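A structural walkthrough
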Amino acid sequence: MTEQQLKDLGKTLWDIADNLRGAMNADDFRDYMLSFLFLRYLSDNYEAAAKKELGSDYPTLNEDDKRAPLSVWYEKNKEDTPEFEKQMRRKVHYVIEPVHLWSSIAELARTQHDDLLLTLQQGFKYIENKSFENSFQGLFSEINLDSEKLGKNYSLRNAKLCTIITKIAEGISGFSTDSDTLGDAYEYLIGQFAAGSGKKAGEFYTPQQISTILSEIVTLDSQEPATGKKKKLNNVLDFACGSGSLLLNVRNKLKKDGGSVGRIYGQETNITTFNLARMNMLLHGMKDSEFNIHHGDSLLNDWDMLNEMNPAKKLKCDAVVANPPFSYRWEPTEALGEDFRFKSHGLAPKSAADFAFLLHGFHFLGDEGTMAIILPHGVLFRSGAEGRIRTKLLKDNNIDTVIGLPANLFFSTGIPVCILVLKKCKKPDDVLFINASDEEHFEKGKRQNRLLPEHIDKIIDTYQFRKEEDRYSRRVSMEEIEKNDFNLNISRYVSTAKPEEKIILADVNSSLGKIEKSIVRATKTHNKYLEELGLPILPIGE
């Protein structure tokens, strides 16, 4: 899908959302819009697979017959249906009954059928409980089809849904329905809704430009980034995954270069966002066996799978990426102090859980893996408990690179942030500092600043080849960092200030002398004309 096609499709869908949501806020309408787009993808993918499976037995209907072809086959082949669905579960990993397919739903909407709302409710429930082998309980839990925001009674709500679904069906009818296209459209809409939601959007969305930096970093060879991309990442973890965009970006970057990702793991505490992430994975063509998204609190580590104490069974990830909430207030307890994630480093203060998030992810980083995490600048220089954690990570040679980014890149905050790159297999005994915060390294915007492709490429290239450049990047020895009490404040090591131009007084004096002589010559010439005109002449300096 070309960038222009994506923009066209995204704009079409966004315009529909903007025109139809009425008094409903963007966050609420987002859930309806994205759920219907998700249903459209599942349905089209299922019907295409069914057509391939049934071959010449797949019904061909005339133009006047608006039924889903699969519904005709089901009616005529009731005895064969169980075996057919068994085959479909094996091939596409899920089943959707014909009455719940998008084509059936869209036809109910087009004809303003009274049963649309009821059929949608039944369809969502079926997908949650019966479509997939793995449980997708609660996938549509935040989609309240009985909400008064849609209308005060069933009839009004049904009419509103008819309008929304008809407009969506018309809007996307001319676009491809493959997973890349609809997946890209889904991502575009998430970004648009995030922009419209302002600070609240920080809970679930990492801007693509930042996501790209993290993805490029963790897909490079961990020990020798200069050698290029890894061929495979067995496990990838994002413990604050939001809508899953960052995980998908890692997968796409590696896939683009001929590599592959084994399994994706994500955790998200917000139920709405957790559901968005699961839909997002499926929408991008991932099978339910290829990812595991958990609803829970990473700091409390309430995911049983991550509490495995057997070293042979412990989850070890080749890549860990995260954009956790900045300076999140939490409640560290004595029990957490003994937790296997924090015991050897110490607990982050209750005023800022930044290092708690970092240590959580770092624990599950494999010996040959790379971790890239977005954090506020305070983690680089704050003292106390955070200073002690930072010092141990540095002494253990786990902090590889510190990247300073410009302010106002995120929807959720205007503060400048940094990316910390950590490894357990780090070879260099220094730390690379990249100061990409100067105005020459980003594009200023009215509401938000942006990193252009050339700015992103410069950051990645500097990291990959560990380059040093005046006022931009520098490799700093551990001895120097220790002299600075393990303070990692970027400006201590890479200042973006331009040196003042040296002034040579002798040259200045010579230049002034030449200017003075030139003034005298010009004044004498001018006075000749004044004398001819009988006007008073100008004084000439000595």
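Residues numbered from 1 in each chain as written. Predicted model: local features only at pLDDT ≥ 70, side-chain atom pairs only at ≥ 80, totals over all residues. Heavy atoms only, no water.

Counting 114 residues, the largest nonpolar core has Phe 36, Tyr 46, Leu 120 and Leu 405 as the members making the most contacts within it. The leading source of residues in this core is helix α2 (residues 26-54), at 15 residues. Discounting chain neighbours no more than four positions away, the residues touching Phe 36 are Trp 102, Leu 120, Phe 124, Leu 161, Ile 164, Ile 165 and Ile 168. (Core = buried A, V, L, I, M, F, W, Y, C linked by side-chain atoms within 4.5 Å. Buried < 20%, exposed > 50% of the residue type's maximum accessible area, 1.4 Å probe, protein only. Helix = DSSP H or I, 4+ residues; strand = E, 2+ residues; numbered from the N terminus. Contact = heavy atoms within 4.5 Å.)

So, on to the packing of α2 against helix α5 (residues 102-110). With their axes 8 Å apart at the nearest point, α2 and α5 run at an angle of 125° to one another. Considering the angle they form, α2 stands oblique to α5. The segment α2 lies against α5, with Phe 36, Leu 39, Arg 40, Ser 43 and Glu 47 engaging Trp 102, Ser 103 and Ile 105. Residue composition of the contact of α2 with α5, grouped by class: 4 nonpolar, 2 polar and 2 charged. (Axes fitted to C-alpha atoms, helices over the stretch in contact; angles between N-to-C directions. Parallel < 35°, antiparallel > 145°, perpendicular 65-115°, else oblique. Nonpolar A, V, L, I, M, F, W, Y, C, P; charged D, E, K, R; others polar.)

Okay, the pattern of salt bridges next. A full pass over the atoms with the stated rule returns 24 salt bridges. Among the ionic pairs, Arg 382 bridges to Asp 354, the shortest N-O distance being 2.9 Å. Residue Arg 382 is found in the loop between α14 (378-381) and α15 (384-395), and its partner Asp 354 is found in helix α13 (residues 354-363); the two are separated by 28 residues along the sequence. A relative accessible area of 0% places Asp 354 in the buried class. One salt bridge in this structure joins Arg 471 and Glu 440, with 3.2 Å as the shortest N-O distance. Residue Arg 471 is found in the loop between α16 (453-464) and β9 (473-477), and its partner Glu 440 is found in the loop between β8 (430-435) and α16; the two are separated by 31 residues along the sequence. (Salt bridge = Lys/Arg side-chain N within 4 Å of Asp/Glu carboxyl O.)

Before going further, it helps to examine the sheet that holds β8. The 9 strands lie next to each other as β3-β2-β1-β4-β5-β7-β6-β8-β9, forming an open sheet whose pairing is mixed. Strand pairing shows two members of the sheet lacking a second neighbour, β3 (291-295) and β9, which therefore form its edges. Between one strand and the next, the sheet's axes are offset by a mean angle of 15°, whatever the strand orientation. Strands in contact with helix α11 (residues 271-283) are β2 (260-268) and β3; relative to β3, the strand with the most contacts, it is inclined by about 170°. Its contacts with the sheet put α13 on β4 (317-322), β5 (365-376) and β7 (417-423), and the angle it makes with β5 is roughly 160°. (Pairing = 2+ DSSP bridges.)

Let us now look at the packing of aromatic side chains. What the rule picks out here adds up to 15 aromatic pairs. Arranged with centres 6.2 Å apart and planes meeting at 55°, the rings of Tyr 328 and Phe 357 form a pair that is tilted. Taken as a pair, Tyr 328 in the loop between β4 and α12 (334-337) and Phe 357 in helix α13 lie far apart in primary sequence, 29 residues in all. Taken together through their ring pairs, the aromatic side chains of Tyr 46, Tyr 94, Phe 132, Phe 136 and Phe 291 make up a single cluster. (Phe/Tyr/Trp six-rings, centres within 6.5 Å; stacked < 30°, edge-to-face > 60°.)

This part is about the confidence of the model for the chain. Residues at a pLDDT of 70 or more form 95% of the chain, whose mean pLDDT is 89. Below pLDDT 50 for its whole length, residues 198-202 participates in 8 contacts with residues either more than four positions away or in separate chains. (pLDDT = per-residue confidence, 0-100.)

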